[in-house]
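Observations on the three-dimensional arrangement
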Amino acid sequence: MTFSKPSWRRGIPPPVLIILYSGADAHPMGLSTRSEFAVDENGLTADGYRRLVPASRKSMYLSRVIVAAVVVVICAVAAANTDVIGSWPGTPYLAAVIAVVVVVYCAVSPEIYYRRYRYRIDDDKVEIRKGIVYITHSMVPVERIHQVDVSRGPINRMFGLADVLITTAGGTVSIQYLEEPVAEEIATSLNQSVVGMLRERDRWGPTCPSHPRASSRCCRRAA
Amino acid sequence: MPEPPSGIEPVLQTGGVTMRNHPTVLVGQTVTYAIVLFVILLMSSSVGTRSLLVLCVLIALLFLYNLFVWRRTTYTFTDSELHVCRNLMVTKSDNYIHYTRLASVTVRRDIFNVIFGTSTLLFNVNTSVNAVQAEARLVLERSDADELRDRLNAWAFSAEVTREEEAAIETMIAVSNRDIVLNAILGQTTAQQAYGLLMLVYAVASLFYDSSGGFLLAVLLLVFGYVFPLAANIIRYYNYRVFRVGDRVTVESGFLTHTRRSFAIGKVNSVRVRTPLLARLLGRAVLEAEVVGIGDEDTRPLLCPLKKRAEVEDLLGRLMPELHFRAPEDSGGQPRSALPVMAISCLVAAVLVAALFWALMSYVAPLMEGELSPFGRSLVVTFLVALPAIIVALLIVRVFLAQRHRAVCMGPESVLVVHGTYDLSYEYVNYDKVQYTEVTEGPLDRVFGVAHCDLHMMSAVGFRSLSTGLFEPEQLRRISDEVNARIADGRYDYRRYLRSIYQESGDLPKPFYSLSFRTAWARDSTWGSTPAPRASRSRCTTATWHAWRSPTA
C-alpha cells in the first residue's frame, strides 16, 4: 500500500514531533516560520494573508492563565476531597493528570495559535486559517454575510484588541484579536462590500424587491 | 446597519382583504383548556363542588381572554404581503410577512377541523427561527382555506392550479399504505432499531428472570421509545401523495390529521437518498428534502417513503432534476491515504473504550458482592464485557464501510456528498444554499495529506453543518471555489433567484381583494377597500432590507 506524501512534508521531522513542536525556526505544521510569516511593508504574508499583532499573544496568555488557575483549583479540591466526591482510589491521579494537561495546553497553545492564525479579505470572500491541534480553513463568501459586529471582551480591551464577528445564515465566523481600529475598518469595509455588490446587481436586476416579478406590473401601475 | 441601495422603491399597499380566525377555534381552545385543567384537578387530592366551581370560573375566564384575543387579531392579505395584527391594548404586534419570504403554505386538518368543517393554514417563512412553530396560522372554513391557498399558490409559487385540479393530479410515485408501514419500521435509523430490539430483549428477559419490576420498566421504555414513534410515523404518512406543479412540490398525507404542504424548488437546501443499514440490505431507500421554513413537526419533508433504490433515484430525477445528476461510477471516493487515518483513530477509540470499561469494572466489581441478585449480576457482567467488545467490532467495521462508501462529487448545480457509515445518505447539496465552508485538518490528517470539509447551511431547526469524509484538501476547497464562482459570474444571484420563483407570466393572478368568501364573520370594515399606504413603509425598513437581501434567511 502506498500513500502520497504531501509536498510540505518532505525533509521534515516525524509526525509526533510536528504535532508538538512549536520552536522558533520551524512552524508546527512543518512550514518554515520565517518564510511563511514574514510580512512585507503592507503587513501581508507572501500569499496575501495577514497575521495577528503581537499583543494578541498577551491577551491569549492572560485568558489561558485564568482558565488554568480555575482548573487547577478545581482539580486540587477534587483530589483533596475524594471521600466526598467518590471512593474511587484513582481520583487524585486523574485530577493531577487533568491539571497537568490543561496547564501544558494553556502554556503552549497561545504561541501555536498566534503563529498559525492568518486571515485574508478579498473582494468576494473572507478566509481564516487557525487552529492548535485541528487546523481549520474557513471560507465565507462576502455575498452570504448578513451582519458584521465588532466585539470587545474585557481582556481584549486591556490590550486594545477586538474581534470581528461575521454572521451568515449558516452560522458565525470570527476574525479574532485584531487591533481595534483595524477591526472597525474591516467591519466597515465588509459592510461596504456587501452594499456595493448589491448596488452592482441593481443595474440589471428588477428594481423593486417587493414586487420581484412585477418589473412589468410596477411599470404598468406607474404608467 | 447598511443603507439599502438607492434602487429600492417604496412598498405601496394597493388593496387587500382582512379576516379573523374561524370562531370555532374558541371552542377548540376552550375544550383543550378544560381537559387539561380537569386532569390536573383529578390528579390533586381534593375534588369537590368548590374545586369544580373554581375550575368552571377558570375555564370561563380563559374563554373570555381567548375571545378578546380572537377579536383583536386580524390577518390582512394584500397583493404583496400578509399583515398579522395582534392588538391586545397593553401590547400590540404587527407582523408583516412578505410573500417572497414564504417557504411553504401548509394546510392541516386535525380532529377539531374535521368536526367543525374547517382547515388550518400554516404560513412558514424561509427562516430557521420558526422551525417548530409556524410564523402565522389561520383557521378558516374548509372551502375558504382552499380558495385562499390557491390564491397564495398563484402569487407565491406561480401555480395557477385550483384545489379541484390539484386533487386530480396523479402522484409521481405510487405509495401504498403497506409501503408506509414498511417505511415506519425499516426507515428508522439503525440506532433506533437497535434500541427497539434491545428493549424487547430486556423485556422478555425481565419477564422470565426478574421479579423486581424490571419488566414494566422495559415495556414502558419500548413503548415510549420505539412503538409510539413508529405509530406516529404511520399515522403521519398514511395516504401519501407527492406531485410537482411548476416550481412547487406538494406533499399530502395523514390519517387523523390530514396535512398538505407545498414548497418552492428554490427553497430546497438539499435532497438526500437515505439508506439505513437494514433497508440497504433489502435494496431500499427513503427520499427526503431539507427545506428551511417548513415548520410544525415535520422539519424534513418526506418525498418518497421506503421504496426500491432504483425507483427512488428515478423519482428524484423527475421531481428535482435541478439538483440531481448522475455521478460517474467509482468517482469521488475517499483516497487510500484516508484509510490509515481512520484505522489509527479507530485504534485510539478502541483503547479508550477498553480503558473506560476496565475502570467501570474495577469500580463496580466490589459493589456487586452481595448487593445484586444473580440476574442483575449477570446483566452487569454482560454489559461490561460484551458491550465494549461490540463497540470495538462496530468501530472496525465502520472504518471499512466509510472507506468503501464515502464520496464527494461536484455536479453542475449541486455537490453530491455521501456521508454516514451504517446509515448511508446520498445528499445533493445546492451550491447556492451553502453559507460558508470549513476545511479542517487534524494532526493525523496532516501527516497523510487529507482533510474533511464542513458545509454550513441553514436548516429547518437552525444551523446545520454537513461533514464530508476524508479527502485531499484541494479537492474540498474546490467546493468553496465553486460557490464563490457562481456568485462572481452571476450563476447565483438573488434577483435571478426571485425571478425563478416568481416566473414572469403574461396574466397576473387575481388580487386578494377579489376573494369571495361566503362567511360574513371573516370580513371587517376594510373588506374590499384600499387601505392607506403605511407611512412607515415609505422606504424600506430594516426588516424588509434583510428579507430582501437574504432570501435564505
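Residues numbered from 1 in each chain as written. Chains lettered and ligands numbered in written order. Predicted model: local features only at pLDDT ≥ 70, side-chain atom pairs only at ≥ 80, totals over all residues. Heavy atoms only, no water.

1. Looking at the side chain of A:Ser63
Residue and element names in this part refer to chain A. With respect to the secondary-structure elements, Ser-63 resides in helix H3 (residues 55-80). On the basis of relative accessibility, which here comes to 19%, the residue Ser-63 falls in the buried class. A polar atom in the side chain of Ser-63 sits 2.8 Å from the backbone oxygen of Met-60. (Helix = DSSP H or I, 4+ residues; strand = E, 2+ residues; numbered from the N terminus. Buried < 20%, exposed > 50% of the residue type's maximum accessible area, 1.4 Å probe, protein only. Polar contact = N/O pair within 3.5 Å; in protein donor to acceptor, adjacent residues only side chain to side chain.)

2. Focus: the nonpolar core
Most often, soluble globular proteins have nonpolar side chains that are buried together. Formed by 48 residues in total, the largest nonpolar core has its most connected members in A:Val126, A:Ile145 and A:Ile175. Take this core: its biggest share by element is six residues, from helix H7 (residues 180-202) of chain A. Filtering out sequence-adjacent residues up to four positions away, A:Ile175 remains in contact with A:Tyr117, A:Tyr119, A:Ile121, A:Val126, A:Ile128, A:Ala162, A:Asp163, A:Val164, A:Ile166 and A:Ile186. Counting 41 residues, the second largest nonpolar core, distinct from the first, contains B:Val251, B:Ala289, B:Ala407 and B:Leu416. (Core = buried A, V, L, I, M, F, W, Y, C linked by side-chain atoms within 4.5 Å. Contact = heavy atoms within 4.5 Å.)

3. Points about the confidence of the model for chain B
Residues and elements named next belong to chain B. Here chain B averages 79 in pLDDT, and 79% of its residues register 70 or above. Element-level pLDDT for chain B is lowest in helix H16 (residues 542-549), with a mean of 30, against a maximum mean of 95 in strand E17 (residues 436-441). With pLDDT under 50 throughout, residues 1-14 is counted as low confidence; its partners more than four residues away or in other chains account for 43 contacts. Note on residues 501-509: pLDDT under 50 across the span, and 25 contacts to partners over four residues away in sequence or across chains. As scored by the predictor, the complex reaches a pTM of 0.73 and an ipTM of 0.75. (pLDDT = per-residue confidence, 0-100.)

4. Description of helix H8 (residues 214-237) of chain B
Residues and elements named next belong to chain B. Compared with the 34 Å implied by 1.5 Å per residue over 24 residues, the 34 Å span of H8 between its first and last C-alpha is a close match. At Val-223, H8 shows its strongest bend, of approximately 40°. Taken residue by residue, H8 has Gly-214, Ala-218, Leu-222, Tyr-226, Leu-230, Ile-234 and Tyr-237 as its buried positions. On its buried face, H8 is in contact with helix H6 (177-186), helix H7 (190-209), strand E9 (248-253) and strand E13 (302-308). (Expected span 1.5 Å × (residues − 1). Bend = angle between axes of the 7 residues up to and from the residue.)

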